[in-house]
Every structure is written in structure tokens, then in C-alpha cells.
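One-letter residues, chain by chain:
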Amino acid sequence: MQAFARLYEILENTTSTNAKVAAMVGYFRKTPPEDAAWAVYFLAGRRPKRLIGGSRLRAWLGESLELPDWLVEECYAHVGDLAECIALLVDSPDADADDIPLHRWLEDRILPLAGQPETAQREAVTGWWRALERRQCFLLNKLLTGGLRVGVSRILVVRALAEFTGLERSVLTHRLTGDWQPTAAFFEGLKAPPGGPVDRSRPYPFFLASPLEKPPETLGDTGDWLAEWKWDGIRAQLLCRGGEHYLWSRGEELVSERFPEIIDAARSLPEGLVLDGEILAWRDGVRPFAELQQRLNRKRLGQALLARIPVVLLAYDLLEVDGEDRRDRPLRERRARLGEVLANAPAPLRLSPAVPATDWADLARRREESRARAVEGLMLKRLDSVYESGRRRGHWWKWKVDPYTVDAVMIYAQSGHGRRASLFTDYTFAVWDGDRLVPLARAYSGLTDAEIDRLDRWIRRHTLERFGPVRSVEPVQVFELAFEGINASNRHKSGVALRFPRIHRWREDKPAAEADTLATVQALLRESLPNER
């Protein structure tokens, strides 16, 4: 595990993409495939489920070091990262007496902890703390809590693998998509030349659109573009291969069991077909995303839930037909064939409609209908574009409507994690309900580094109370929050939940008394509900 711990440290401590790629290539060249497979697993952003919660690790830390709970909590709050806090407090050796391979650590030690009695888990983990040098102790704790995040993108991982194997990046990107296990056989297959056996359940890498940041008129003639509604659902690929049917989310999760009606409908489609589209809750039109989430959050889907929240797959691209990869064909050709395939498909499978317009001004007027249609805006796709991998600028754009905004008062602040552990970067905001402030949302993005530093100093000077790592502050600072959607929620004191809240700007020009009210937020909720106004 020493080699992967060193690689992790290099990747976390450099901002040079070339240095990161070089470090990964060097690691792959020296590492046995059974370890390299697990490294690719983590580098690609995957991680095992949490085995042991943070509260349990903090309790074990206090017991093993004979520290009171309050001191452990203070140390954790100061460091901001539990894995690092443990590695700093435990008296670790300068070097490991026995360097056990990464795959042995995971397969023989860490993963078997699941289901063991707490006493056995505690004995094993605290023993490892004392035996591992600090760098590996840190890595161990990240693996135990499921919190291992490596500072590289999948694009960089593919770039490193391409340099290591000599294969095309598109081939490697496809091989890293879908359901695979970190085994030596997988890693050897990753290096194999193209043309071998293919996993029929494997989806294609998704092609992602970029935000439209310039006026749409700069894109040229509208006749060169396909406009569609930007649906607010779950991006998915439907695969019909070898008599089997698979439904993959963009997060590379197999969700077939969550949407049985789509799988049933897919049985009427021809073999050797792959569709790209959006899963939506649908009843006389699109329903709020919150309803769709109910299908995802239930372990068992009863008939009552299936009937109450029906879904559709709105398909907008055809990636494979008759078992042939069509991603290199122009969109206008793929789209025409898609229309033919879905012409007589069952109701849960539909073609995502084009949005006709005579010019950009006309399309801008159609875009203004987005909120009433419960969509996020428009998608613009060049008709001669091929289907690429990842986010490639120039061919697919998302022209979203402006976000919702409210002015809210900051009432709580909490320190960040990792490099921001010494700063207050996580904030809770509230709106007025009569003469009291009701918590509305938490947000941690949107401020510049200079603003974060200045706000951090203000928080320290104007703290009213402390609740562990959280501080309540004088309710005088107003911030404009932006968010993509709003839903009713019984879990929030305000009765609403905001989707993707972030700080839009610091309203230093506005007194707290002029911040928005809960009634204003509730009005936004009513306006956002489709077919119910």
C-alpha cells in the first residue's frame, strides 16, 4: 500500500496536470495488475461503501489514546478532516515493518470488516493505526469511511492510461464505463488491443453539453442546430443487447430495477439498440424531480408507488442500432433513425420533441416558456455533430433559464475540510417568517477566496454561540442565493428544499431586515409546480 499512498500524496499536492499524469504512468509501470486495478478504481472516482462511520472512529480514537470526547472533537474541528486528524494524533512508526500490497489490504482486511462485531472492528482498526506510518494511516481512514477522493479527473486518468498502454483514449474511456470490478483480469483487459470480446451490458461514455456563455446568435444559422427542451430528470442509456435490457444512469449506476416499466417497454424494441435520453416522472406532462427521487430512494417499489409516480424515457439520441456503433454518424442521421425506431414504441418510450423556431429571437421567446413547462431551458445541438465522450465544447450547448434567487441572512457557519479546514466556508442561511428567521438552505460555493477570507475574519469576531464545529453568528449579513429548483419538504423547517443552492453575491448593500420572507419562497414553490397553477 506504500506505493499507492505515495501516489495519492503526489496527486493531492501538485496542481500540474503533466506531473499528475507522469506520476500515474510511473505507478502503473511499476505496479502488479492486482494492485493497479484497485488504483484505477479509486482514481476513476469509485469507492467502496462506508464501512465505519466517523463518530465510531472518533470514539475509538479517544478510547485508544485516553482522550476525553471534547478534546477529540476540538482536534477534529481544528483539522477539519477526520482521516488526517487520526493520522496526526496516533503515534505511528516512521515506516511500516511489512508493506502489504494494496489489493491484500482491501480484499483480506478492510472489506471483510463489514458485518463483524464492533469489538472485532475496533481491535483491528486501532491495531492498524499503530502499525502504519502516517501517510498510510491517513489513506486507511479514508478507505474505512468511504471518503477517498483523489485530486484527478477521469480525463486525466484516461490520459495516463493511454500513455501507459498506447491505446486510444476513446477505447479506454469506454472500457472504464459501466459495471466492472477491480481485478487483475480487468486491468489486463484494460491494456488489451481493441477487437476482443465486449461486455454486452457496458454503456457508452456520455456526451455532455457545455453552458452557453455567449449570445446564441454567435452560433450561426439556426438551421444548423437542433433545439430541444432541457429536461430535469435522470440522464440514462437504455441498452437492448443479446436478449437482455439494461438501464444505466449517467453516474454509471444500473437502475433497471428502479424503472421496470421502461424495461418492459424495451422488450418491444429491436435487438442491438442503445438509446440516450432522460428518465422523467410523467403524468399528463413532466412532474417535479422530487417525485422521481421517491422512486430512487425506496428499496422496494410497490405497485401503489409505481402507479402514483409513472415514468417515461424521453430519448434524444441513438448510439447503436443493429449492433453497430453509430456515434460517428451525424446527429441528423441518428435522430432520423431514432424517430423510426420509436414510431410504434410503447408509451414509456418517447421521442424528445424538437423545439421549432424561425430564428434565434423566436427561440429565445420559446425559452421563456421553460418554467411553465417545468424544464430547465433549451439544449442546442449541431446537426452535423458526432456523439463524443465527456464534455467537448462547440457542438452541444445547454441554454438554461436564469436561476431562482432569494436574499437570505447567514445565521450559522462551519469550517471546511481538507485545505479549507482552517476557514469557515460552509454557511446556513435563513429567511424571515414574521419576526423570526427560519433556516432555508446551506451553501458553500460562490464566494471568491478574498471574500471567504474576509467573511472568515468577520465570523470569528461576531460569533454568538458554538455548537461543536458550528458557530451561530450575528444575523446581519445578507447574501443572494441562486438555485435551480424548489420542492416541498417535510424534512426542512422552512417546508421547502432548494436544488443546488449556491451563493450568487454578498449583498453588503442590504440590511438584514430587507431579506426575503418565507412567503416569498413559498410563492416560488407554487409557481414552480407544473399543471397545478
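The structure this text deals with has already been given above.
A quick note: this is a predicted structure, and the numbers were derived from the prediction, not measured.

A. Looking closely at the packing of helix α7 (residues 102–110) against helix α9 (residues 134–145). Closest axis-to-axis distance for the α7/α9 pair is 12 Å, and the angle between their directions is 50 degrees. Considering their axes alone, α7 and α9 lie oblique with respect to each other. With respect to the hand of their crossing, α7 and α9 are arranged in right-handed fashion. Contact residues: Trp 105, Leu 106 and Ile 110 in α7; Leu 140, Leu 143 and Leu 144 in α9. Within the contact of α7 with α9, the residues separate by chemical class into six nonpolar, no polar and no charged.

B. Examining the sheet that holds strand β10 (residues 377–382) more closely. Taken in spatial order, the four strands make up an open sheet running β2-β12-β10-β3, and their pairing is mixed. Each edge of the sheet is formed by a strand with only one pairing partner; in this case those strands are β2 (210–211) and β3 (225–229). For β3 and β10, the ladder comprises five bridges, and the chain directions are antiparallel. Bridge assignment links Leu 226 to a residue of β10, and that residue is Lys 381. Contacts from helix α16 (residues 331–341) reach β3, β10 and β12 (396–400) within the one sheet, and its direction differs from that of β3 by about 50 degrees. Of the strands in this sheet, β3, β10 and β12 are in contact with helix α17 (residues 360–367), which crosses β12 at around 55 degrees.

C. Molecular detail of the pattern of salt bridges. Within the structure shown, the criterion is met by 40 salt bridges. Taking the shortest distance from any N to any O, the salt bridge between Glu 188 and Lys 191 comes out at 3.3 Å. Of this pair, Glu 188 and Lys 191 both sit in helix α12 (residues 184–191), three residues apart, which is roughly one turn of that helix. When its relative accessible area of 38% is taken as the criterion, Glu 188 is described as partly exposed. Ionic pairing is found between Glu 213 and Arg 393, a salt bridge with its closest N-O pair at 3.6 Å. With Glu 213 in the loop between β2 and β3 and Arg 393 in the loop between β11 (390–391) and β12, this pair connects stretches of sequence that are 180 residues apart. Under the relative-accessibility criterion, Glu 213 is labelled exposed at 62%. Through salt bridges with shared partners, a single ionic network connects Asp 407, Arg 507, Asp 509 and Lys 510.

D. How the structure looks around the packing of helix α8 (residues 118–131) against α9. The interhelical angle for the contact between α8 and α9, taken along N-to-C directions, is 155 degrees, at an axis separation of 9 Å. With respect to their mutual orientation, α8 and α9 come out roughly antiparallel. Read as a crossing pair, α8 and α9 show a hand that is right-handed. Each of Val 125, Trp 128 and Trp 129 in α8 lies in contact with α9, whose residues at this interface are Cys 137, Leu 140, Asn 141 and Leu 144.

How each quantity is defined
Residues numbered from 1 in each chain as written. Predicted model: local features only at pLDDT ≥ 70, side-chain atom pairs only at ≥ 80, totals over all residues. Heavy atoms only, no water. Axes fitted to C-alpha atoms, helices over the stretch in contact; angles between N-to-C directions. Helix = DSSP H or I, 4+ residues; strand = E, 2+ residues; numbered from the N terminus. Parallel < 35°, antiparallel > 145°, perpendicular 65-115°, else oblique. Left-handed = near helix turned anticlockwise from the far one by under 90°. Contact = heavy atoms within 4.5 Å. Nonpolar A, V, L, I, M, F, W, Y, C, P; charged D, E, K, R; others polar. Pairing = 2+ DSSP bridges. Salt bridge = Lys/Arg side-chain N within 4 Å of Asp/Glu carboxyl O. Buried < 20%, exposed > 50% of the residue type's maximum accessible area, 1.4 Å probe, protein only.

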